2 protein chains.
Amino acid sequence: MNYQEVGLDSIDCRILEVLQKDGRLSNAELSERVNLSASACHRRVQRLEKDGFIAGYVALVDPRKIGRKTTVFVEITLSGQSDEVLSGFERAVALIPDVLECHLMAGSADYLLKVVAEDAEDFARIHRRHLAGLPGVQTLQSSFSLKQVRQTTALPI
Amino acid sequence: MNYQEVGLDSIDCRILEVLQKDGRLSNAELSERVNLSASACHRRVQRLEKDGFIAGYVALVDPRKIGRKTTVFVEITLSGQSDEVLSGFERAVALIPDVLECHLMAGSADYLLKVVAEDAEDFARIHRRHLAGLPGVQTLQSSFSLKQVRQTTALPI
DNA sequence: ACTGAAAACTAAACAGA
DNA sequence: TCTGTTTAGTTTTCAGT
């Protein structure tokens, strides 16, 4: 990344790198890791939060531990591509908690959804109860993930 | 979710729900939100961490703010599906920081990668420098996301 | 940008239901 | 065993230099 283009210096980058790995670091420890006084560090973090570089802090829950062992990618084609069809679909998708991601894809009017389910049977239920009934759906194709080889929330800085 | 099956009670679930939205809540405030004394709450959180329900805490960095405006899903077919080919591929993929996710997909020996880039040109660079040279790659198809309709790290509990 | 003090928070020990 | 109370030690926050 060329960090100067987005208004950061190398210490800001370092702060983001560290907090992306451990969002609960105390300011005291963070400041040590980036070689800054605690107060200077604290002010930088506040600025990064205020300016939206840090969108928030979250706890990551292990999906397998709570029984969500299955990830499915669903490709959906809509029957039309008017703004109403698209935004009606998007509003409806946003209400399904099992859908973690929804992307409008280039090329055709296709959406790619990332869905988490307990198992294949549970996905069938989600499919029936939530996906099949989405407004404007023309085709719908599901691909199951067998194994998550890599999964990170940390962006390269 | 049927939380009892995974060894949680309704308060544990509530804690996970809350921490998935705000991972930096103080124990004092968390305990208020879940109607528990601070110490009881604190012990539950520690248990959830120790038992791996909480995999960690992270700061979420806004990809657009740091210039990563483009998400691309890449579908890769390997030339073989022996364990060596697969694990060689997986080891190599894990070293590319631009690849946020890599899934082994059911059906064929296909992988689905989620890649973040600054723009299409930057993706072309990543493609050339990192993806094309991955061991065992047979075919490689890229789909660009035009718009992130929904993006959450919070699992439904 | 640093210092120091007040306020808030954490984490452990102890006690009761 | 689970919850609540107390307490000592940290950390955060903010005013002053």
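Residues numbered from 1 in each chain as written. Chains lettered and ligands numbered in written order. Predicted model: local features only at pLDDT ≥ 70, side-chain atom pairs only at ≥ 80, totals over all residues. Heavy atoms only, no water.

- In the annotation of an unreviewed UniProt entry, the entry for chain A reads AsnC family transcriptional regulator, and the organism field reads Marivivens niveibacter.

Observations regarding the interface of chain A and chain B
One frequently used descriptor of interface size is the decrease in accessible area upon assembly of the parts.
Moving on, step 1. Tallying the contact residues gives 66 residues for chain A and 66 residues for chain B.
Moving on, step 2. Approximately 5,900 Å² of surface area, both sides summed, lies buried where chain A meets chain B, with 61% of it carried by carbon and sulfur atoms.
Moving on, step 3. Linking chain A to chain B there are 4 salt bridges.
Moving on, step 4. Measuring nitrogen to oxygen at the nearest pair gives 2.8 Å for the salt bridge that ties Lys147 of chain B to Glu90 of chain A.
Moving on, step 5. On inspection of chain A and its partner chain B, the count reaches 39 residue pairs in polar contact (both at pLDDT 80 or more).
Moving on, step 6. Among the elements of the structure, helix H1 (10-21), strand E1 (54-61), strand E2 (70-78), helix H4 (83-93), strand E3 (99-105), strand E4 (110-117) and strand E5 (137-151) of chain A are those that each provide at least two residues to the side of chain A that touches chain B.
Moving on, step 7. For the side of chain A that touches chain B, the element with the most residues is E5 of chain A, which contributes 9 residues.
Moving on, step 8. Residue composition of the side of chain A that touches chain B, by class: 37 nonpolar, 15 polar and 14 charged. (Contact = heavy atoms within 4.5 Å. Buried area = accessible area lost by both parts, 1.4 Å probe. Salt bridge = Lys/Arg side-chain N within 4 Å of Asp/Glu carboxyl O. Polar contact = N/O pair within 3.5 Å; in protein donor to acceptor, adjacent residues only side chain to side chain. Helix = DSSP H or I, 4+ residues; strand = E, 2+ residues; numbered from the N terminus. Nonpolar A, V, L, I, M, F, W, Y, C, P; charged D, E, K, R; others polar.)

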